[in-house]
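One letter stands for each residue in the lines below.
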Amino acid sequence: MASRVEMEEDETENKGSMWVLEQKLDQPMDEEAGRLKNMYREKKFSALLLLRLSFQSLGVVYGDLGTSPLYVFYNTFPHGISDPEDVIGALSLIIYSLTLIPLLKYVFIVCKANDNGQDLCHFSMLETWIDVGEVITEIEAHGLPNAGFAGGTFALYSLLCRHAKIKTLPNQHRTDEELTTYSRREFHEHSFAAKTKRWLEKFASRKNTLLILVLVGTCMLIGDGILTPAISVLSAAGGIKVDHPNMSNGIVVVVAVVILIGVFSMQHYGTDKVGWLFAPIVLLWFLLIGGIGIFNVWKYDSSVLKAFSPVYIYRYLRRGGKGSWISLGGIMLSITGTEALFADLAHFPVSAIRLAFTVVVFPCLLSAYSGQAAYLMKNQDHVIDAFYRSIPDAIYWPVFVVATLAAIVASQATISATFSIIKQALALGCFPRVKVVHTSKKFLGQIYSPDINWILMILCIAVTAGFKNQSQIGNAYGTAVVIVMLVTTLLMTLVMLLVWHCHWIIVLIFTTFSLLVECTYFSAVLFKINQGGWVPLVIAAACLVIMYVWHYGTVKRYEFEMHSKVSMAWILGLGPSLGLVRVPGVGLIYTELASGVPHIFSHFITNLPAIHSVVVFVCVKYLPVYTVPEDERFLVKRIGPKNFHMFRCVARYGYKDLHKKDDEFEKKLFNNLFVYIRLESMMEGCSDSDEYSLCLDHQTTEQSRRDLLLRDNNANSVDPTASSVESIVQVISPNQSTVVSSGRISSQTEVDELEFLTKCMDAGVVHILGNTVVRARRGSNICKRVAINYIYAFLRKICRENSVIFNLPHESLLNVGQIFSV
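On a predicted model such as this, the values are computed, not experimentally measured, just so you know.

Cut-off values and rules
Residues numbered from 1 in each chain as written. Predicted model: local features only at pLDDT ≥ 70, side-chain atom pairs only at ≥ 80, totals over all residues. Heavy atoms only, no water. Helix = DSSP H or I, 4+ residues; strand = E, 2+ residues; numbered from the N terminus. Buried < 20%, exposed > 50% of the residue type's maximum accessible area, 1.4 Å probe, protein only. Contact = heavy atoms within 4.5 Å. Areas by Shrake-Rupley, 256 points an atom, 1.4 Å probe, with all protein chains shown as cover. Expected span 1.5 Å × (residues − 1). Core = buried A, V, L, I, M, F, W, Y, C linked by side-chain atoms within 4.5 Å. Polar contact = N/O pair within 3.5 Å; in protein donor to acceptor, adjacent residues only side chain to side chain. Pairing = 2+ DSSP bridges. Axes fitted to C-alpha atoms, helices over the stretch in contact; angles between N-to-C directions. pLDDT = per-residue confidence, 0-100. Parallel < 35°, antiparallel > 145°, perpendicular 65-115°, else oblique. Disulfide = S-S within 2.5 Å. Left-handed = near helix turned anticlockwise from the far one by under 90°. Nonpolar A, V, L, I, M, F, W, Y, C, P; charged D, E, K, R; others polar. Patch = residues over 30% accessible without salt bridge, like charges linked within 9 Å, V, L, I, M, F, W, Y side chains within 5 Å. Salt bridge = Lys/Arg side-chain N within 4 Å of Asp/Glu carboxyl O. Phe/Tyr/Trp six-rings, centres within 6.5 Å; stacked < 30°, edge-to-face > 60°. Lys NZ or Arg CZ within 6 Å of the ring centre and 35° of its normal.

This next bit is on the overall build of the chain. The helix and strand inventory of the chain stands at 30 helices and ten strands. Counting over 822 residues, the chain shows a buried share of 55%. Put simply, of all contacts in the chain between residues at least 6 apart along the chain, 84% involve residues at least 24 apart. When the accessible surface of the chain is split by element, carbon and sulfur atoms take 60% of a total near 35,200 Å².

Glancing now at helix α22 (residues 504–525). The end-to-end C-alpha separation of α22 is 31 Å, in line with the 32 Å expected for 22 residues at 1.5 Å each. Within the span of α22, buried status applies to Val 507, Phe 510, Thr 511, Ser 514, Glu 518, Tyr 521, Ala 524 and Val 525.

Ranked by size, the top nonpolar core spans 162 residues in total, and within it Tyr 62, Phe 73, Phe 154, Tyr 157, Phe 286 and Tyr 388 carry the most contacts. Other than its neighbours up to four places away in sequence, Tyr 388 contacts Leu 70, Ser 235, Ala 236, Gly 238, Gly 239, Val 242, Tyr 396, Phe 400 and Ala 403. Listed in part, the 27 residues of the second largest apolar core include Val 586, Leu 757, Met 761 and Leu 813.

This part is about the side chain of Ser 68. Mapped onto the secondary structure, Ser 68 falls in the loop between α2 (63–66) and α3 (72–76). In this structure Ser 68 comes out as buried when scored by relative accessible area, which is 0%. A distance of 3.1 Å separates the side chain of Ser 68 from the backbone oxygen of Leu 333, its partner in a polar contact.

Ordered in space as β5-β6-β4-β3-β9-β10, the six strands form an open sheet in which the pairing is mixed. Of all strands in the sheet, those bounded by a partner on one side alone are β5 (634–639) and β10 (813–821). Strand-to-strand twist of the sheet, defined as the mean angle between neighbouring strand axes without regard to direction, takes the value 25 degrees. Alignment of β5 against strand β6 (residues 646–653), held across six bridges, turns out to be antiparallel. What sits directly across from Lys 637, in β6, is Arg 648. Packing of helix α25 (residues 599–607) onto the sheet brings it into contact with β3 (581–590), β4 (610–622), β6, β9 (765–775) and β10, and relative to β10 it is tilted by some 110 degrees.

We note that His 501 has phi near 60 degrees; this positive angle belongs to a residue other than glycine. Positionally, His 501 belongs in the loop between α21 (470–498) and α22. Accessibility expressed as a relative area gives 29% for His 501, which makes it partly exposed. A positive phi angle, close to 55 degrees, is found at His 645, a residue other than glycine. Looking at the secondary structure, you find His 645 in the loop between β5 and β6.

Let us look at the confidence of the model for the chain. With 74% of its residues at a pLDDT of 70 or more, the chain shows a mean pLDDT of 74. In this model, residues 117–149 is a region of pLDDT below 50 whose contacts with residues beyond four sequence positions or in other chains number 74 contacts.

Here helix α10 (residues 249–265) crosses helix α20 (residues 450–467) at 170 degrees, and the two axes come no closer than 10 Å. Taken as axis vectors, α10 and α20 run roughly antiparallel relative to one another. Facing α10, whose interface residues are Val 253, Ala 256, Val 257, Leu 260, Ile 261, Phe 264 and Ser 265, α20 presents Asn 453, Trp 454, Leu 456, Met 457, Cys 460, Ile 461, Thr 464 and Ala 465.

The next thing to look at is the environment of Ile 335. Along the chain, Ile 335 falls in the loop between α15 (328–331) and α16 (338–343). Separated by 236 residues in sequence, Ile 335 and Thr 99 place their C-alpha atoms 9.6 Å apart.

For helix α4 (residues 84–107), spanning 24 residues, the distance from its first C-alpha to its last is 33 Å, which sits close to the expected 34 Å at 1.5 Å a residue. A distance of 3.0 Å separates the backbone nitrogen of Glu 85 from a side-chain oxygen at the start of α4, and that oxygen is part of Asp 83.

What follows deals with the state of the cysteines. The bond known as a disulfide is covalent and runs between the sulfur atoms of two cysteines. All told, the structure shown has zero disulfides when counted by the stated rule. With no disulfide of its own, Cys 649 has Cys 619 as its nearest cysteine by sulfur position, at a separation of 9.3 Å. With relative accessibility at 2%, the residue Cys 649 sits in the buried group.

Moving on, we come to the environment of Ala 480. On the secondary structure map, Ala 480 appears in helix α21. The spatial distance from the C-alpha of Ala 480 to the C-alpha of Phe 522 is 9.8 Å, given a sequence separation of 42 residues. Those residues in contact with Ala 480, other than ones at most four positions away along the chain, are Met 220, Asp 224, Leu 227 and Pro 536.

By the element assignment, Ala 413 lies in helix α19 (residues 396–427). Residue Ala 413 is classed as buried on the basis of its relative accessible area, which comes to 3%. For Ala 413 and Ala 343, which are 70 residues apart along the polypeptide, the C-alpha to C-alpha distance reads 9.5 Å.

Let us look at the packing of helix α8 (residues 204–237) against α10. One way to put it is that α8 packs onto α10 with a least axis distance of 9 Å and a crossing angle of 130 degrees. In terms of axis orientation, α8 runs oblique to α10. Taken as a pair, α8 and α10 cross one another with a handedness that is right-handed. Of α10, the residues touching α8 (which contributes Pro 229, Ala 230, Val 233, Leu 234 and Ala 237) are Val 252, Val 253, Val 255, Ala 256, Ile 259, Leu 260 and Phe 264. Grouping the amino acids of the contact of α8 with α10 by side-chain chemistry returns twelve nonpolar, no polar and no charged.

Taken together, the side chains of Phe 192, Trp 504, Ile 505, Leu 508, Ile 509 and Phe 513 make up a nonpolar region of the molecular surface, amounting to roughly 640 Å² of accessible area. Of all the elements, α22 adds the most residues to the nonpolar patch, at five residues. Note on placement: Trp 504 falls in helix α22.

In total, this model carries eight salt bridges according to the counting rule given. A salt bridge links Lys 105 to Glu 518, with the nearest nitrogen and oxygen atoms 2.3 Å apart. Of the two residues, Lys 105 sits in helix α4 while Glu 518 sits in helix α22, which places them 413 residues apart along the sequence. Under the relative-accessibility criterion, Lys 105 is labelled buried at 4%. Judged by relative accessible area, which is 1%, Glu 518 ranks as buried.

So, on to the packing of aromatic side chains. One pass over the structure, following the stated rule, counts 15 aromatic pairs. When the centroid spacing of 5.4 Å and the interplanar angle of 45 degrees are considered together, the rings of Trp 285 and Phe 387 count as tilted. Note that Trp 285 is positioned in helix α12 (residues 278–299) and Phe 387 in helix α18 (residues 386–389), a separation of 102 residues in sequence. Residue class for Phe 387 comes out buried when judged on its relative accessible area of 6%. One Lys or Arg, Lys 112, reaches over the ring of Trp 500 and ends 5.7 Å from the middle of that ring. Over the ring of Tyr 312 we find Arg 315; its NZ or CZ atom is 5.0 Å from the centre of that ring.

Across the ten residues of β3, seven count as buried, placing the element largely inside the fold. Sheet topology places β3 next to β4; eight bridges connect them, and they run parallel. For Val 583, the partnering residue across the bridge sits in β4 and is His 612. Here β3 pairs with β9 via five bridges, running parallel. Bridge pairing links Ile 589 to Ile 768 in β9.

Here's what the structure looks like:
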């Protein structure tokens, strides 16, 4: 009996052990099942998010490329079609142009060269979905989308400036390279990339040549912003004449001008407000032209599908000779909008743009062109209105309405791209100061410039009313587009070497094939210079003169500031009172120098008998990065001994950042100044020399904050979770008291200086601006005299003043003028 009981107990124990073992085995299985379930849910959400972004990208990115079927065949055969085989040859050229340039070069290669400033929505189709939950949470909190990418020629230039010392404005500092967004790769000293880098940096002429190349591409893109609305809207409005053939061309021009005025008048609302239905319009447009194309191929002539064979390209060029070669200028219009695709990259992740192009844009465009070619095979006399003639009568007017709306969307895309690239040029010192308004809190890249907007409208209306013909506008458009593509190819060659570290053979293959195609098109558009192709050249030449003269004057003014800055020995010789009366208050002296004391200071104290008790030299500097994180924006440094009460504050911005021109900027400046004073006692050996570093970089500041909090916590048992800046020093706006935390102050001197600074803030803040007038030296050549004394002086007079840009109150503003010669 006992043995039986023992056996039963052993069996029960074994069963219990097995149950426990099963539970232990089931637990990780449940966890694994839950993990897989969550992963599947994240993949599902991320797929939906990617589809949503791809859908939205249609309305912003692909409007220009999608409206090209309105005018390509007319500009290819402006004098009519002599042989039906020419239609197949032209279609073959269009197919392979779309495949080589937009698809392979831009979407899959050039778009990877975006200036990635933040990785909020950066996920590739080949990447895992690890951070998608965070992406969704961030997007739900802040809106869609803020991808953190920047495209265009200046984005490529900023990438190169971070990997080589080619920036012509010498305001770089080693602390700038410690930014989290200042990403760059190191390469071997003896590599081909290192040799290329040394070759670029060796002579200033090479840096200037590269800058001029970038400016040329920028000027041509500005020309796109003028020509795209003109040709798109005029081509769409031309559909009225198909149903009313007796209507004069003047009425079509008037309708186009009215539409253009409406388009430019709505720009101040921003893309976020006026573009909420852009994506549905463009998606409907692509589906319509794709469906009509398939219908026309089936109805008229399916033999046009032979154009997918490149043999017909050779036959077309051999049969037509020079005429076929010149017609390449019209065929190239099928890829217009590709350069705007890259410039508009600030709104969406690359994966969304790739998905939209490969799934919707590319197949619909191929179907549309194939359908028009099939229609022209049977109706060669209708080449002038090939698009509208090929539309079935039952849906003609709905398609006309959608075409007009799509032309407006295409105009919006290039206008927005123009605003974006001008903002980049302005931030990098290559464009006169114009008003820039950020129209959306959700979209960092959506901006509006009223000055540029009205100039674009006037020039666009002048082009439309002046030519009255989409053929000549198309010739001008093609010239601008191909030059932008050539500039992009040359810059991409350097990016592939210096940034991506590609093997030189791969770079050679990419450059050779790109230049082969683009130079072929460029040689064709040269034949049409006298037929409207001169327009973008004139516009670009005027913009280039303005941008280069402004940059030249800016560099010369900065060099003068650098060479004439005050030495620290001179400052120390003045004594604590600086040899003057120190009146209560804070003086904010705005300067472009990131190091040293500017000449404006000595000029000021030489002519006035007093200076404020606290002096802060403020430098607002733009870096060749997309954005600067908020917690890394300000750098603070003391100048001279403590009893001088002189500081420097450098505010760093990326070329997409919005400069806060209100009380927040001043509040943040003083906040960082208070933090610096609290942390200074923990820093050892902060140099007082003229050649100093801005010693409170981001990593040092964060570590010092933690050390200070730990010290205060050990002494007073403060909550260790209080890690914000406000837990150390809470800075209230001027005319209010400053609250210091309950933590122990390191020294009585520190307390006294904080109280002194608070009293000075309460006494008032005065903003001191330098107004430097530049003149050419006597004996200078006529080019320099015209550039400096007339063009640069005129631009300085009409552009926005610094007081307006910083939004400084007039009652506390003081301008200090000085003149220097170059």
